[in-house]
Each structure stands twice: as C-alpha cells, then as structure tokens.
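Listed below, chain by chain, are the residues.
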Amino acid sequence: NITPVTEFVLVGFRNSYEIEIIFFVVFLLAYLVTVLGNTLVIVLVYTDCHLHSPMYYFLSNLSFIEISMTSSVVPKMLANFLSEKKTISFAGCFSQFYFYFSLAATEFILLAIMSYDRYVAICNPLRYPTIMTQRVCGQLLLGAWVGGVVLILPLAVLKAKLPYCGPNIIDHYFCDSAPLLHLACTDIWVAELRDFVVSMLLLLGSLALTVFSYTWIILTIVRIPSTQGRQKTFATCASHFTVVSLGFGISIFIYVRPSQMNPGHLNKILSVLSSIVTPLLNPFIFSLRNQQMKEAWK
C-alpha cells in the first residue's frame, strides 16, 4: 500500500538553534532591506517625472518581481528557523514552487526586454520614441508575465500529479525543483528532461537575445569618437549588464543540466545568492550606477 505524502519537511540549513537564530536575524534584515529598497525604487520611478521613460518603467516592474519572488520564499524560511517541525503542506509546497519559478521566468524575459530597450536607445536613438511607445512597452511587459505563467504552470501541475509516498524530507530551504522531484516514487527521467528543456529554452533563449542586443550596443559604443561619450553611454547599460550577469550565470549553473542531482550544499548556497542576495543588491546596483537615479534620490 502507498500512503500519499500530505506535507514536506524543509531541512534548510542544519545547525544548532543558536546558529539558526543568527541566520533568522541576518535573513530577516536582508528581506526587509530588499522589500524597502525595491519599494523605494518603484515609488521613485512613479513620482519623479524625469524617470517616466521605458527604461525605468521596466525597472520598476523588475523591482516588483524581486519583492514578490523573495516574498514567496523567505517568510516561510524565517518561520522554519524558529520552528522545530519545519514542515510545509503539499499544496503550500507546490504553490511556492509555482510562484517562485513563474516570477523567475518572468524576470528573465523582462531582462531580455530591457536589453532590447537599451539596444534601441543606443543604436537607434532617433527612432527610439516611435519604437518604444507606451503601447509597445505594455505589450512587451504583458508578454513577459504571460510567458512566465505559460512556461511554469504545466511543470507545476505535472509535478504535483506525480506520486509522493515518502520520504518527505527536502534538503533545501524552499520547494526547489530538483530536491522535490527526487522525492517522487516513480521514474523521473521524463520529468527531468522536461525541466531541462524548459530551463534551456527560457534561460538560453533570453540570454541569447540579451547577448545579441549587447553585442550591437558594444559595437555602437566603440564607434563613438569621444571618450566621455563612450563612458556616458556605457554607464546607462552597466547596471543592467551587472544584474544580467548575476542572474543568468547562477541560474544556468543550477538548472540547465540534464540531471539536477544536488552536489552537496552548492545549489543551496547559489539559490541564496539568486533568491535573496541578488534582489537585495539590485536597488543599490541601479541606484549607484545610474546618474538619473542618483539625481532623483537627491
């Protein structure tokens, strides 16, 4: 007889209670700064008339995604630091899986859209106002959200329909794809292949569009005659390029593999960088490396 699993245990970071209290304080502060920093970016973009442009419109939506994605993972992790059971319900686990990865998928598509926006602004500056109209920006943003939903929803539903009969211990701090999949009481080869194909299409596809845009951007910047002009133009892309490098680099290493067996605690550490550290740093990266943002803050 097979007894279906009704809840999972999130192991998180195995340590003594005292160490977990320290982790709780550190991650709570990181979460609060992440929410505050990204919320201030959103407020700043929508209240300062100098930031009413497609670039900052996309940036404010990126900040909203960062808040939502972090909030889908961190509050439960903080609660588990203070709890002995560290459990999450079956429905709660797959809900967390869906929201986290659909928001992450939306973010990667949005990063590719932001790189295209920079390509048009730098390589076709005279046509920029007619190409990146308010309607086009809205359609691109809608496409990013729909793309995230369409790509991840089938994966979440198919994973939830797999038989889970024990063990129910997830060696992670949230319901990540690979640790959850390896608890299924069935052959997971097809499911792993499906995850690999979707991850490859999403991450490598978005990265290819981003690299294509930045290749033309760099070629255009190199042809600018003045050094000051080259530096000013590159400065508008430096923040976005930094965020793209962090986001794509970490996620491709974790998810674009045919078999996502967990190599020790490496995936867990990289997931912390992806889901907690990067959303924390993004407001500072965009604010400190962007002259218009610094002026708006003042």
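What counts and what doesn't
Along each chain, numbering runs from 1 in the same order as the chain's sequence is written. Owing to the predicted nature of the model, reporting of local features is limited to residues with pLDDT of at least 70; listing and counting of side-chain atom pairs is limited to 80 or more, with chain, interface and lining totals taken over all residues. Remark: hydrogens and water are excluded; side-chain values derive from all non-hydrogen atoms of the structure. Working definition: a disulfide is two cysteine sulfur atoms within 2.5 Å of each other. By the criteria applied, helices consist of DSSP H or I runs no shorter than four residues and strands consist of E runs no shorter than two, each listed in order from the N terminus. Throughout this description, buried means an accessible area under 20% of the type-specific maximum (1.4 Å probe, protein chains only), exposed means over 50%, and partly exposed covers the range between. Think of each axis as a best-fit line through the C-alpha atoms, taken over the contacting stretch in the case of a helix, with angles from 0 to 180 degrees between the N-to-C directions. Put simply, angles under 35 degrees are roughly parallel, angles over 145 are roughly antiparallel, angles from 65 to 115 are roughly perpendicular, and the rest are oblique. The sense of a crossing depends on the near helix, which, turned anticlockwise from the far helix by less than a right angle, makes the crossing left-handed and, turned clockwise, makes it right-handed. Note on definitions: a residue-residue contact is assigned when non-hydrogen atoms from the two residues lie within 4.5 Å. Gly falls in the polar group here, along with every residue not listed as nonpolar (Ala, Val, Leu, Ile, Met, Phe, Trp, Tyr, Cys, Pro) or charged (Asp, Glu, Lys, Arg). Put simply, a nonpolar core is a bunch of buried Ala, Val, Leu, Ile, Met, Phe, Trp, Tyr and Cys residues held in one set by side-chain atoms that sit within 4.5 Å of each other. The term salt bridge refers to a pairing of a side-chain nitrogen on Lys or Arg with a carboxyl oxygen on Asp or Glu at a separation within 4 Å.

> Honestly, the state of the cysteines in this entry has me stumped. Any pointers?
Disulfides are covalent bonds that connect the sulfur atoms of two cysteines. For the structure on display, the rule yields two disulfides. Note that C93 is cross-linked by a disulfide to C175, the S-S spacing being 2.0 Å. Between C93 and C175, the disulfide has an S-S torsion of -125° and is therefore left-handed. Residue C93 is located in helix α4 (residues 90-123), and its partner C175 is located in the loop between β3 (169-170) and α7 (177-181); the two are separated by 82 residues in the primary sequence. Each member of the pair, C93 as well as C175, carries the same accessibility label: buried. Put simply, C165 and C185 are joined by a disulfide, and their sulfur atoms are 2.0 Å apart. An S-S torsion of about -125° defines the bridge between C165 and C185 as left-handed. Remark: C185 occurs in the loop between α7 and α8 (189-222) and C165 occurs in the loop between α6 (134-160) and β3; sequence separation between them is 20 residues.

> Help me understand the packing of α6 against α8, please; the structure alone is not making it clear to me.
Angle between the axes and distance between the axes: these two values describe a pair of packed helices. α8 packs onto α6 with a crossing angle of 165° between their chain directions and a minimal axis gap of 11 Å. Comparing their axes, α8 and α6 come out roughly antiparallel. Like other packed secondary-structure pairs, α6 and α8 cross with a definite hand, here left-handed. Facing L151, L155, L158 and K159 of α6, the residues of α8 in contact are R194, D195, V198 and L202. When grouped by side-chain class, the residues that make up the contact of α6 with α8 number five nonpolar, no polar and three charged.

> For this particular structure, what's the right way to read the nonpolar core?
For soluble globular proteins, nonpolar side chains are generally found buried alongside one another. Counting 66 residues, the largest nonpolar core has F27, M77 and L111 as its most contacted members. Looking at which element gives the most residues to this core, the answer is α4, with 15 residues. Not counting residues within four places of it along the chain, the set of residues in contact with F27 comprises F13, V74, M77, L78, F81, V272 and I276. Among the nonpolar cores identified, the runner-up in size contains 16 residues, and V5, C93, Y164 and L180 belong to it.

> Sorry if this is basic, but what is going on with the pattern of salt bridges here?
In a structure, side chains of opposite charge can pair up when their charged atoms sit close to one another. Throughout the structure, instances matching the rule amount to four salt bridges. Between D117 and R118 there is a salt bridge whose closest N-O contact spans 3.0 Å. For D117, a relative accessible area of 1% gives the class buried. A salt bridge links D171 to K268, with the shortest nitrogen-to-oxygen separation between them at 3.0 Å. You can see D171 sitting in the loop between β3 and α7 and its partner K268 sitting in helix α10 (residues 266-288), a full 97 residues away along the chain. On the basis of relative accessibility, which here comes to 27%, the residue D171 falls in the partly exposed class. For K268, a relative accessible area of 2% corresponds to the buried category.

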